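# Summary of the model geometry
These are the residues of each chain, in order.
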Amino acid sequence: GLKDLKNRIDSVKNTQKITEAMKLVAAAKVRRAQEAVVNGRPFSETLVEVLYSINEQLQTDDIESPLTKLRPVKKVALVVCTGDRGLCGGFNNAILKKAEARIAELKELGLEYTVVSVGRKGNSYFNRRPYIPVDRFLEGGSLPTAKEAQTIADDVFSLFVSEEVDKVELLYTKFVSLVKSNPIIHTLLPLSPKGEICDINGNCVDAAEDELFRLTTKEGKLTVERDVIRSKTVDFSPILQFEQDPVQILDALLPLYLNSQILRPLQESLASELAARMSAMSSAFDNASELKTDLTRVYNRATQAKITGEILEIVAGDIECIIW
Amino acid sequence: MTFNLCVLTPNRIVWDSEVKEIILSTNSGQIGVLQNHAPIATALDIGILRIRLKDRWLTMALMGGFARIGNNEITILVTDAESASDINPQEAQQTLQIAEANLNKAEGKRETIEANLSLRRAKTRVEAIVETIKRIS
């Protein structure tokens, strides 16, 4: 009846409000995520610069650091970054599917594997699948900071250095744009001594620049900030003396590099999640408006019919009175 | 008589201003740095950093990293840095005890590596507080 329709319209209206609010919240959080990336920029920039200059000076030496050691791979650790919440379209599913595909691939190659799950959604997913060996469950946190990255870094560091695993891969969602993101696999360890990171196909992914660039240039004012930082770091004397053995310095730098290599994917993963939520909520909002229009039309038609019916009755009654 | 000190963590800039003197815990022992220091690059241990501003000493706990000194400009890259005044003494003590207990019951190479790392971090945080208290009294 009419009352049911009215109720339905009201509930759709509520849904619309909620989805709109969630969209706005996600949008605000995207901005915060971008800020976090910008704040981390001086660090990663200086780090890359230092690594680069040290690399130049070390090029001739043969470097052996525990993190760069290449061993024949027997066991692989997969770090899977998921979100903490749902309602973000296919975001969590996409990355978990990617993880499953990778696991199947490793099985085919006859390699052992273990999973380090980051994020609540992934945790519950792997909890439901006890046949997948999980080394550790970690919480993602609402905004990834160096602390979260450090927890993961410590974990993979000890896994790798104790030779429990011979390769560490990070599965995360790469942020391409607000409407597009890709689940990708990224090899964390062993680090190749040149500071380059190779993906699964052996293609080199440039370590430092492009991803940050995409995130920061979204808003005009962020670009300005970036330029300021850039000009500040340039005027450093390139002639440096090493206080310790170059290998020791590299030993100190590589964990930092590892940390930033984990932090950035975490940030990107969060950005992708928020972007996915934004678009999911935005289409939910659109659907709700459409539904509301349709329902209102039906409701109006029904009211109209009812009124017409009442008028007809009254008129008919009137006529009968007159006739009598 | 001052030079610029910049302490960076992946999250934020912890410190970026002029100081008079600093004492760094490097992998090969503590070094003091004054103005016009020769350009060097050094690995930093998990340890404390002491900063002198005019006549006041400040202490920070650094969680390992790297420092580059040159041109009266010092850049320190660390995974995490905490100012001694931001550390809760009770909590730091507790963490230290937990870390010690963990190391005692650690089994296998991997657990020992992890326990050692967290113990050293906990120790440094306590050390930073102790250092500050010493300065005040």
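Note that this is a predicted model, so its numbers are computed, not measured.

### Considering the overall build of chain A
- In terms of helices and strands, chain A carries 7 helices and 8 strands.
- In chain A, which comprises 324 residues, the proportion classed as buried is 44%.
- Of the accessible surface of chain A, which amounts to about 16700 Å², a share of 56% is contributed by carbon and sulfur atoms.

### Topic: the sheet that holds strand S2 (residues 112–118) of chain A
Residues and elements named next belong to chain A.
- Spatially, 5 strands are ordered S3-S2-S1-S4-S5 in an open sheet, and the strand pairing comes out mixed. Pairing within the sheet leaves two strands with one partner each, and these edge strands are strand S3 (134–138) and strand S5 (180–189). Taken pair by pair, the neighbouring strands of this sheet meet at an average axis angle of 20°, ignoring direction.
- In terms of strand pairing, strand S1 (residues 75–81) meets strand S4 (residues 167–177) through 5 bridges, oriented parallel. Looking across to S4, one finds that Val 79 is bridged to Leu 170.

### Quick word on the pairing of strand S4 (residues 29–33) of chain B
All names here are of chain B.
- Judged from the 5 bridges that link them, strand S3 (residues 21–26) and S4 form a sheet pairing that is antiparallel. Its bridge partner lying in S4, Leu 24 is registered against Ile 31.
- Counting the residues between successive antiparallel strands, the hairpin from S3 to S4 contains 2 residues.

### Section: the interface of chain B and chain A
- Contact residues are listed per partner, giving 36 residues for chain B and 40 residues for chain A.
- Carbon and sulfur atoms supply 60% of the area buried between chain B and chain A, which totals about 3200 Å² over both sides.
- Broken down residue by residue, the surface that chain B buries against chain A is led by Pro 10, Arg 68 and Arg 110 of chain B, which jointly contribute 24%.
- Where chain B packs against chain A, one counts 3 salt bridges.
- Close ionic contact of Arg 136 of chain A with Glu 114 of chain B constitutes a salt bridge, the shortest N to O distance being 3.2 Å.
- Across the contact surface, chain B and chain A share 3 residue pairs in polar contact (both at pLDDT 80 or more).
- In this sheet, strand S5 (residues 40–53) of chain B lies alongside strand S8 (residues 241–242) of chain A in parallel orientation, the contact comprising 2 bridges. Paired with Gln 241 of chain A across the bridge in S5 of chain B is Ile 40 of chain B.

### A short note on the domain arrangement of chain B
Residue and element names in this part refer to chain B.
- By domain assignment, chain B separates into domain 1 (3–84) and domain 2 (87–136).
- Taking only C-alpha atoms into account, the centre of domain 1 sits 21 Å from that of domain 2.
- Counting residues at the interface gives 13 residues for domain 1 and 11 residues for domain 2.
- Both faces combined, the contact of domain 1 with domain 2 buries some 1100 Å², and carbon together with sulfur accounts for 59% of it.
- When the area that domain 1 buries against domain 2 is broken down by residue, the three leading residues are Ile 46, Ile 48 and Ala 84, summing to 42%.
- Taken together, domain 1 and domain 2 are joined by 3 salt bridges.
- The tally of links between domain 1 and domain 2 comes to 3 residue pairs in polar contact (both at pLDDT 80 or more).
- Residue assignment for the side of domain 1 that touches domain 2 shows that the elements contributing at least two residues are S5, strand S6 (56–70) and strand S8 (81–83).
- Residues that form the side of domain 1 that touches domain 2 fall into these classes: 7 nonpolar, 3 polar and 3 charged.

### Here we look at the pairing of S1 of chain A
Residues and elements named next belong to chain A.
- With 6 of 7 residues buried, S1 is to be regarded as a mostly interior element.
- Alignment of S1 against S2, held across 7 bridges, turns out to be parallel. Of the residues in S2, the one forming a bridge with Ala 77 is Thr 114.
- The handedness of the S1 to S2 crossover, carried by helix H2 (residues 91–108), is right-handed.

Thresholds, definitions, all that
- Residues numbered from 1 in each chain as written.
- Chains lettered and ligands numbered in written order.
- Predicted model: local features only at pLDDT ≥ 70, side-chain atom pairs only at ≥ 80, totals over all residues.
- Heavy atoms only, no water.
- Helix = DSSP H or I, 4+ residues; strand = E, 2+ residues; numbered from the N terminus.
- Buried < 20%, exposed > 50% of the residue type's maximum accessible area, 1.4 Å probe, protein only.
- Areas by Shrake-Rupley, 256 points an atom, 1.4 Å probe, with all protein chains shown as cover.
- Pairing = 2+ DSSP bridges.
- Axes fitted to C-alpha atoms, helices over the stretch in contact; angles between N-to-C directions.
- Contact = heavy atoms within 4.5 Å.
- Buried area = accessible area lost by both parts, 1.4 Å probe.
- Salt bridge = Lys/Arg side-chain N within 4 Å of Asp/Glu carboxyl O.
- Polar contact = N/O pair within 3.5 Å; in protein donor to acceptor, adjacent residues only side chain to side chain.
- Domains from an automatic or database assignment.
- Nonpolar A, V, L, I, M, F, W, Y, C, P; charged D, E, K, R; others polar.
- Right-handed = clockwise from strand over helix to strand, strands pointing away.

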